[in-house]
Amino acid sequence: ASADGVTRAPDPAVVELYREARDLVNAGRWDEACPKFEQAMARQPTASILINVGDCHVHHGKLAKAMEDYDIARELNRETKDEGRRVALTSEIELRAKKLAPRIPMLRIIVENPVTDMVIRCDGDDLEAEKIGVDIPVDPGAHVVTGEVIGYEAAPRTVTLKEGARERVTLQLVRRSFASQHRASISLGVGALALAGAGAGLAAWTAGAHGSLTETCKTGTPSECRGLR
C-alpha cells in the first residue's frame with residue numbers, strides 16, 4: 001500500500017532500486033545502498049522500503065530518526081491488504097523497535113522562569129510546548145539548546161549524549177538588562193557621532209584651507225588661485 005492507503009501495482013523502477021539496494025546492503029556497502037532506498041521511498045512509499053530506510057538510519061547512528069521511520073512504517077503497514085505479508089512486516093517492525101528503544105538517548109529540557117511566547121530550540125529546530133519538561137528522543141552526539149523571547153535572554157547550553165543516556169539540560173531565562181537591550185542602539189549612536197565628528201572636522205579643515213588660500217591669493221595671481229577669483 002502507498003502512503004495514502006491506496007494499493008497500487010509495484011513500480012518496476014522502484015522494484016529495481018529496492019533490489020539493487022538490498023544487494024548492496026548484503027555486500028556491506030551501506031553508503032551506496034541507502035540513497036537507493038530513499039529514492040525508492042520517494043517514488044512509491046511502502047512499509048517494507050521504509051523499514052530499510054530506518055535500518056540505514058540505525059547504521060549511521062541516527063537512532064531517533066530510525067524510530068520515527070519504524071513508527072511511520074507501522075502506520076503504512078496497516079493498509080497492507082495481504083494479511084500474511086502484513087503480519088510478517090508487523091513482526092519485523094516490532095522486533096526492530098524493541099531492540100532500538102533502549103539505545104535511544106533521551107533529553108529533558110527544563111526552562112527556569114518560563115514566559116509566554118518563548119521559543120525553545122534544539123539544534124535549531126523549534127520544540128513544541130508539550131516537549132518541554134519531558135524526555136524527548138534524540139540521536140547520540142552533541143546537541144545545542146537555545147531559548148529566545150523578547151525582553152529575555154538565555155545562555156545556549158550544549159549537551160553530549162551517548163547511546164542509552166538520560167540527560168537534563170536547564171535553560172535560565174532572565175530579563176535583559178537595560179544595557180543589554182540598548183547595546184546595539186548605543187553602538188550605532190556612537191558610530192553615528194563619530195561619523196558626524198569626522199564630517200565636521202573635514203568641513204572645518206576645508207574652510208580653513210580655503211581661507212588660507214584666499215589670503216595667499218591677495219598678494220599675487222598664481223595659477224592655483226584662478227578658481228577663487
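Think of each chain on its own: its residues are numbered from 1, step by step along the sequence as written. pLDDT decides what is reported in this predicted model: residues at 70 or higher carry local features, side-chain atom pairs at 80 or more are listed and counted, and totals for whole chains, interfaces and linings draw on all residues regardless. Excluded from the side-chain calculation are hydrogens and water; included are all heavy atoms of the structure.

Asks: Explain the packing of helix H4 (residues 63-77) against helix H5 (residues 83-100) here, please?
Replies: If you want to describe how two helices pack, look at the angle between their axes and the distance between the axes. Every axis in this analysis is a line fitted to C-alpha atoms, fitted for helices over the stretch in contact. Angles between the N-to-C directions lie between 0 and 180 degrees. In this description a helix means any DSSP run of H or I spanning at least four residues, a strand means any run of E spanning at least two, and both kinds are numbered starting from the N terminus. It is at 10 Å that the axes of H4 and H5 come closest, and there the two elements cross at 160 degrees. It follows that H4 is roughly antiparallel to H5 by the angle criterion. The chirality of how H4 crosses H5 is left-handed. From H4, Leu63, Ala66, Met67, Tyr70, Ala73, Arg74 and Asn77 reach across to H5, where they touch Arg86, Leu89, Thr90, Ile93, Glu94, Arg96, Ala97 and Leu100. Only Asp, Glu, Lys and Arg are considered charged, only Ala, Val, Leu, Ile, Met, Phe, Trp, Tyr, Cys and Pro nonpolar, and every remaining residue, Gly among them, polar. Looking at the contact of H4 with H5, its residues break down into nine nonpolar, two polar and four charged. For classification purposes, an angle smaller than 35 degrees is called roughly parallel, one larger than 145 roughly antiparallel, one from 65 to 115 roughly perpendicular, and anything else oblique. Each crossing is labelled by how the near helix is turned from the far one, with a counterclockwise turn of less than a right angle marking it left-handed and a clockwise turn marking it right-handed. Note on contacts: a residue pair is in contact if any heavy atoms of the two residues lie within 4.5 Å.

Asks: How should I be thinking about the sheet that holds strand E8 (residues 166-172) in this particular structure?
Replies: Hydrogen bonds along the backbone pair up the strands of a sheet, which may run parallel or antiparallel. By this definition, two strands are paired if DSSP reports at least two bridges between them. Read across the open sheet, the three strands follow the order E4-E1-E8; overall the sheet is mixed. Two strands close off the open sheet at either side, each with one partner strand: strand E4 (135-137) and E8. Going across the sheet, the axis of each strand differs from the next one's by a mean of 35 degrees, ignoring polarity. As paired strands, strand E1 (residues 106-112) and E8 are joined by seven bridges and run parallel to one another. Paired with Glu112 across the two strands is Gln172, which belongs to E8.

Asks: Even after reading the chapter, I still don't get the pattern of salt bridges, so can you show me in this structure?
Replies: When charged atoms on two side chains of opposite charge get close, those side chains can pair. Throughout this description, the term salt bridge denotes a Lys or Arg side-chain nitrogen within 4 Å of a carboxyl oxygen of Asp or Glu. For the structure on display, the rule yields 17 salt bridges. Between Arg78 and Glu75 there is a salt bridge; the shortest N-O distance is 3.1 Å. A salt bridge links Arg108 to Asp135, with the shortest nitrogen-to-oxygen separation between them at 3.1 Å. One end of the pair, Arg108, is in strand E1; the other, Asp135, is in strand E4, and 27 residues separate them in sequence. Salt bridges sharing common partners tie together Glu16, Arg19 and Asp23.

Asks: What is the right way to look at the state of the cysteines in this model?
Replies: Each disulfide consists of one covalent bond between the sulfur atoms belonging to two cysteines. The definition used for a disulfide is geometric: two cysteine sulfur atoms within 2.5 Å. Following the criterion strictly, the structure yields one disulfide and no others. Between the sulfur atoms of Cys34 and its disulfide mate Cys56 the distance is 2.2 Å. With the S-S bond torsion at -100 degrees, the cross-link from Cys34 to Cys56 turns out left-handed. Taken together, the positions of Cys34 in helix H2 (residues 30-43) and Cys56 in helix H3 (residues 47-59) put the pair 22 residues apart, joining distant regions of the chain. Each of the two residues, Cys34 as well as Cys56, counts as buried. Using a 1.4 Å probe on the protein chains alone, a residue whose accessible area is under 20% of its type maximum counts as buried, one over 50% counts as exposed, and one in between counts as partly exposed.

Asks: What am I meant to see in the packing of helix H1 (residues 12-26) against H2 here?
Replies: Orientation of H1 relative to H2, taken along the N-to-C sense of each, is 160 degrees, at an axis distance of 8 Å. As summarised for this structure, H1 and H2 are arranged roughly antiparallel, according to the angle between their axes. Handedness of the H1/H2 crossing: left-handed. Judged by residue contacts, Ala13, Val14, Leu17, Tyr18, Glu20, Ala21, Arg22, Leu24 and Val25 of H1 engage Trp30, Glu32, Ala33, Lys36, Phe37, Gln39, Ala40 and Arg43 from H2. Taken together, the residues of the contact of H1 with H2 sort by class into 11 nonpolar, one polar and five charged.

Asks: Where do I start with unusual backbone geometry in this structure?
Replies: When glycine is set aside, most residues are seen to have a negative phi, and most peptide bonds are trans. Here the phi dihedral of Asp117 falls at roughly 70 degrees; this positive angle occurs in a residue that is not glycine. Tracing the backbone shows Asp117 in the loop between E1 and strand E2 (119-122). Overall, Asp117 belongs to the exposed group, its relative accessible area being 66%.

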